[in-house]
Amino acid sequence: MRLLFAALALILGTTPATAQWLDRPWPGIPRTADGKPNLSAPAPHGPDGHPDLTGSWNGPVPEIQFDPANAQPAVNALIRQRQREYHKGRPLYNCLPNGPEADSSAGWKRILQTPAVIAILNDDLSYRVIHMDGRELEANPAPSWTGYSVGRWEGDALIVESNGYNEKTWLSRYGQSHTQALRVKEVFRRRDFGHLEVEVTFTDPGAYTKPWGYTARMELEADTEMLESICERSSDQWQGGAVAADTAVTVAPEVLARYVGVYHGVYGGAKRVIDVTLSGNQLIAKVTGRAEVDGGVIRPLIPQSQTTFDGVGIVYQFVVGDNGVATALVEIHISGPQRFPKQP
Amino acid sequence: MRLFFAALLLVVGTIPAGAQWLDRKTPGIPRTADGKPDLTAPAPRGPGGKPDLTGVWEADNVLGRPDPANLQPWVLELSRERQLEYYKGRPMYQCRPSGPEAERFGGWKRIIQTPAAIAILNDDQTHRFIHTDGRELEPNPAPSWMGYSVGRWDGDTLVVESAGFNDKTWVSRYGVSHTESLRMTERYRRRDFGHMQLEVTFTDPGAFAKPWGFTVDMTLAADTDMLEAICEKSSDAWAGSLSDAANQGVSVAPDVLARYVGVYTGIYGGGERTYEVTASDGKLFAKLLGPPIEGGLGAAGLDDSVPRPLVPQSQTVFEGLGLGYRFVVDDKGGPATALVVIHISGPYTYKRVK
């Protein structure tokens, strides 16, 4: 995850959190005896009796439930290509709207609810409008970055249906593409005063055999304020392109074979397993365990020397014995080199 | 204006207006006997009795042309420098938020009003948030692109005060800067169901000697919807500086330049237009005579009475901030007989009169 944040730091300017209503208590919210916001109080309801989702919300990047076997071959090929390009083309990194990307469910947002329309305002200044006035989605919508959304209440759940996306947006930061026929269904539930859950389902038979999705969980950010976070510098100048690496050297297949194996170690206090395999003449690493990287998506290792490889932003150096067989793998990382001994 | 729109087309992708609720009747609005939206019906009011500004609005075009004499010298100088760079650095051309820029008060907006907050959503996927819960502006705000806004009601007028802008935004497309101390006051008055008037005032003694501003008329866009217009390609790849044009390396002898000096008159857009061409220090300059032109000329400046430099591209063709200038000469070596200004809408011939 740290690499991702390092990349983000390159392109996102944030406002210093020194001022601007950041410690202003919200009037009229339920509080516990010690004066803190009572996040487990009942959810508020509007004059029309429906839950009122209005407020500032914040949440972690959701875990997507993605199975490559469920994606069309062309989608999987594009996912791999985008990884080799260090996800340089991700709309967010290009200062373009995220559209339906799962990661846009994370972070700060402000919801403003009125009977006819609900607006979801993001800290990158982008926003969505959900029409609640009973209109239907258009059958043949004009493709757009943020899509078109209509909502309705089913009991205390807000059901939002969206379509009309262009095909430039991704469904997650791992590069899942979609067609213009993508439909997104969201079920918003404000469980109590401080917690909002959103169940998201992507339906797009041209790209995925079965619908798939994720659940986002957000917490109310009371007594503070959302600040803007603007993309000021796109990824245009990134090097990108692991395949095109001019610096790549050739390593003989029998040398590559000596590096194949499973390497164990600890990263940031959590177990990390690096599984190195050979696919044709291409060395591949898969980083799993509690300290996984990119959800265990496979990373091609591009040789930079006979023992050193670039694994999409992480450098892998094989430590070899006299017989040339690797005994350990060193991961050279923004936070320093980490040694992972090979398992017998 | 046409050149301006041509520049916009380069950077803003718009959605074809073929579908998407564009002819859907807005429910619950007053209508005349023939079923059309009654834009002169009384303005709606919210539960608190105050006017409700909620709706999709289309605002008239705005030109933020402050009086050059009211600008602090550094602001005017920067505005002229930016003109010579064809305004390439304008935040909107760079796909950045426009902040308080006057021109961006024109066009489409969606306003959503609740008792404690009002959101103004722009079609370029930016928004503003106006707190109406009684809070005050912070005395020392963290600089931001869109600033911080609080609103209060003065009778039926919503008065919005904003501060905390960073100094990267412009207050007009003519490259007019401001400092981080900029204060913006907006007064929104929804006169009737379909009409709203907005009065905007910029106060920033470090940049402007006196407060200045503009008014905008906004009309309710009923029975249609706002579509997004996303900036997908920034101006980074624009050639964008007059000195680049100068690097063509063409030099024109002073005696040739002298043949082009004179006054030329012709018709543009149905009206008479006159150019005065002068030479000084081996360079040619063109200046418009007469009243300023609405929207300006090519990469217009705040002070179009200032002669614009013409950079030679050949012995007879010159570039002048986005317009081509060609001098028509005969083979006898006498003065040019005409000046042809090459414009996106075609070439226009101006005959020599002096």
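Thresholds applied
- Throughout, a residue's number is its position along its own chain's written sequence, starting from 1.
- Key to labels: chains lettered from A, ligands numbered from 1, both in the order written.
- At least 70 in pLDDT is required for a residue's local features to be given in this predicted model, at least 80 for side-chain atom pairs to be given and counted, and no such filter applies to totals for whole chains, interfaces and linings, which use all residues.
- Only heavy atoms go into the side-chain values, all of them from the structure, while hydrogens and water stay out.
- The helix and strand labels rest on DSSP assignments: H or I over at least four residues marks a helix, E over at least two residues marks a strand, and numbering proceeds from the N terminus.
- Partly exposed describes any residue whose relative accessible area lies between the buried limit of under 20% and the exposed limit of over 50%, with all areas from a 1.4 Å probe on protein chains only and scaled to the type maximum.
- Should any heavy atoms of two residues lie within 4.5 Å, those residues are counted as being in contact.
- Here, Shrake-Rupley sampling with a 1.4 Å probe gives the accessible areas, and only protein chains in the shown set may cover a residue.
- Strand pairing is defined by DSSP finding a minimum of two bridges between the two strands.
- Helix axes use the C-alpha atoms of the stretch in contact, all axes being lines fitted to C-alpha atoms, and the angles between their N-to-C directions lie in the range 0 to 180 degrees.
- Think of a polar contact as two N or O atoms within 3.5 Å of one another; within protein, one of them needs to be a possible hydrogen donor and the other a possible acceptor, and neighboring residues in sequence only count if both atoms come from side chains.
- The rule for a disulfide is simple: a pair of cysteine sulfur atoms within 2.5 Å.
- The salt bridge criterion pairs a side-chain nitrogen of Lys or Arg with a carboxyl oxygen of Asp or Glu, the two atoms within 4 Å.
- Throughout, the accessible surface (probe 1.4 Å) given up by two parts as they are put together, summed over both, is called the buried area.
- By this rule the span expected of a helix is its residue count minus one, scaled by 1.5 Å.
- Taking the helix axis as origin, the arc is that swept by the directions to the C-beta atoms.
- Between 30 and 60 degrees the pair is tilted, below 30 it is stacked and above 60 it is edge-to-face, where a pair is any two Phe, Tyr or Trp rings, Trp via its six-membered ring, whose centres lie within 6.5 Å.
- As a reminder, the over-ring test applies to NZ of lysine and CZ of arginine, requiring each to be within 6 Å of the ring centre and within 35 degrees of the ring normal.

## Details of the overall build of chain A
- In terms of regular secondary structure, chain A is built from 3 helices and 19 strands.
- Counting only C-alpha atoms, chain A reaches 75 × 55 × 35 Å along its principal axes.
- Taken across its 344 residues, chain A has 52% of its residues classed as buried.
- Of all intrachain contacts in chain A linking residues separated by at least 6 positions in sequence, the fraction that spans at least 24 positions is 55%.
- Accessible area for chain A stands at about 15,400 Å²; split by element, carbon and sulfur atoms hold 53% of it.

## Describing the sheet that holds strand E8 (residues 183-192) of chain A
Residue and element names in this part refer to chain A.
- Strand order in the closed barrel made by the 9 strands is E2-E3-E4-E5-E6-E7-E8-E9-E10, with mixed pairing throughout. For this sheet the average axis-to-axis angle between neighbouring strands, irrespective of direction, equals 30°.
- Bridge count for E8 against strand E9 (residues 195-203) is 9 bridges, and the pairing is antiparallel. By the bridge assignment for E9, Arg189 is matched with Glu197.

## Focus: the environment of B:Thr265
Residue and element names in this part refer to chain B.
- On the secondary structure map, Thr265 appears in strand E12 (residues 262-268).
- Counting along the chain gives 104 residues from Thr265 to Glu161, while the straight-line C-alpha distance between them is 47 Å.
- Ignoring any residue separated from it by four or fewer positions in sequence, one finds Thr265 in contact with Glu272, Arg273, Thr274, Tyr350, Lys351 and Val353.
- Among the polar contacts made by the side chain of Thr265, one reaches the side chain of Thr274 at a distance of 3.2 Å.

## What to know about the state of the cysteines
- Within the structure shown, the criterion is met by 2 disulfides over all chains.
- Each disulfide pairs two cysteine sulfurs, and for A:Cys95 the partner residue is A:Cys231, the sulfurs being separated by 2.1 Å. Because the sign of the S-S torsion sets the handedness, a value of about -70° for the bond joining A:Cys95 and A:Cys231 places this disulfide among the left-handed ones. With A:Cys95 in the loop between helix H2 (73-84) and strand E3 (107-113) and A:Cys231 in strand E11 (residues 229-231), this pair connects stretches of sequence that are 136 residues apart.
- The buried category is assigned to A:Cys231, whose relative accessible area is 12%.
- Note that B:Cys95 is cross-linked by a disulfide to B:Cys231, the S-S spacing being 2.1 Å. What sets the handedness of the B:Cys95 and B:Cys231 disulfide is the S-S torsion sign, and at about -65° it is left-handed.

## Some thoughts on the pairing of E9(A)
All names here are of chain A.
- A loop of 2 residues connects E8 with E9, the two strands running antiparallel in sequence.
- As defined by bridge partners, E9 adjoins strand E10 (residues 212-220) across 8 bridges and the pair is classed as antiparallel. Residue pairing across strands places Thr201 opposite Gly213, the latter belonging to E10.

## Some words on the pattern of salt bridges
- Applying the stated criterion across every chain, the model contains 31 salt bridges over all chains.
- Between A:Arg272 and A:Glu331 there is a salt bridge; the shortest N-O distance is 2.5 Å. Separated by 59 residues along the polypeptide, A:Arg272 in strand E13 (residues 270-279) and A:Glu331 in strand E18 (residues 326-333) bring together distant segments of the chain. Grouping residues by exposure puts A:Arg272 and A:Glu331 together as buried.
- One network of salt bridges, with partners in common, ties together A:Arg24, A:Arg110, A:Glu225, B:Asp133 and B:Arg135.

## Thoughts on the interface of chain B and chain A
- Each side of the interface is counted separately: chain B has 47 residues, and chain A has 45 residues.
- Around 3,900 Å² of area is buried between chain B and chain A when both sides are counted, 58% of it from carbon and sulfur atoms.
- When the area that chain B buries against chain A is broken down by residue, the three leading residues are B:Trp21, B:Gln125 and B:His127, summing to 19%.
- Counting across the chain B and chain A interface gives 6 salt bridges.
- Element by element, the count of residues in the side of chain B that touches chain A is highest for strand E4 (residues 117-122) of chain B, at 4 residues.

## A few points about helix H2 (residues 73-84) of chain B
Residue and element names in this part refer to chain B.
- An ideal rise of 1.5 Å per residue puts 16 Å on 12 residues; H2 measures up with 17 Å between its terminal C-alpha atoms.
- Taken as a whole, H2 has its buried residues at Val75, Leu76, Ser79, Arg82 and Gln83. End-on view of H2: buried residues confined to an arc of 125°, all on one side of the axis.
- Of the surrounding secondary structure, the elements contacted by the buried residues of H2 are strand E15 (308-312).
- Looking one or two residues beyond H2, the residue adopting positive phi is Tyr86, at roughly 55°.

## Here we look at the packing of aromatic side chains
- Summed over all chains, the structure comprises 23 aromatic pairs over all chains.
- Centroid distance B:Tyr260 to B:Phe318: 5.8 Å. Interplanar angle 85°. Geometry classified as edge-to-face. On the criterion of sequence distance, the pair formed by B:Tyr260 in helix H4 (residues 254-260) and B:Phe318 in strand E16 (residues 317-320) is long-range, its members being 58 residues apart.
- Centre to centre, the rings of B:Phe318 and B:Phe327 are 5.6 Å apart; their planes meet at 85°, and the pair counts as edge-to-face. You'll find B:Phe318 and B:Phe327 in the same group, each marked buried.
- Linked through ring pairs, A:Phe66, A:Phe202, A:Tyr208, A:Trp212 and A:Tyr214 together constitute an aromatic cluster.
- Lying over the aromatic face of B:Trp21, A:Arg135 brings its terminal NZ or CZ to 4.8 Å of the ring centre.
- Taking NZ or CZ as reference, B:Arg65 lies 4.8 Å from the ring centre of B:Tyr174, over its face.

## Things to note about the sheet that holds strand E14 (residues 283-289) of chain B
Residues and elements named next belong to chain B.
- Pairing in this closed barrel of 8 strands is antiparallel, and the strands run E12-E13-E14-E15-E16-E17-E18-E19 around the ring. Mean inter-strand twist for the sheet, computed between neighbouring axes without regard to direction, equals 30°.
- Bridge count between strand E17 (residues 323-328) and strand E18 (residues 338-343): 5 bridges; the pairing is antiparallel. Residue pairing for E18: Arg326 is matched across the bridge by Val340.

## Things to note about the pairing of strand E7 (residues 157-163) of chain A
All names here are of chain A.
- For E7, the buried fraction is high: 7 of the 7 residues fall into the buried class.
- Residues Ala157, Ile159, Glu161 and Asn163 line one face of E7 and the alternating positions Leu158, Val160 and Ser162 line the opposite face, and both faces are buried.
- Taken together, the 7 bridges between strand E6 (residues 148-154) and E7 define a ladder with antiparallel strand orientation. Paired with Glu154 across the strands is Ala157, a residue of E7.
- Turn length for the E6-E7 hairpin, with the two strands adjacent in sequence and antiparallel, is 2 residues, and the turn residue Gly155 shows positive phi of about 60°.
- Note that E7 and E8 share 5 bridges and pair antiparallel. Within E8, the position partnered with Ser162 by the bridge is Val184.

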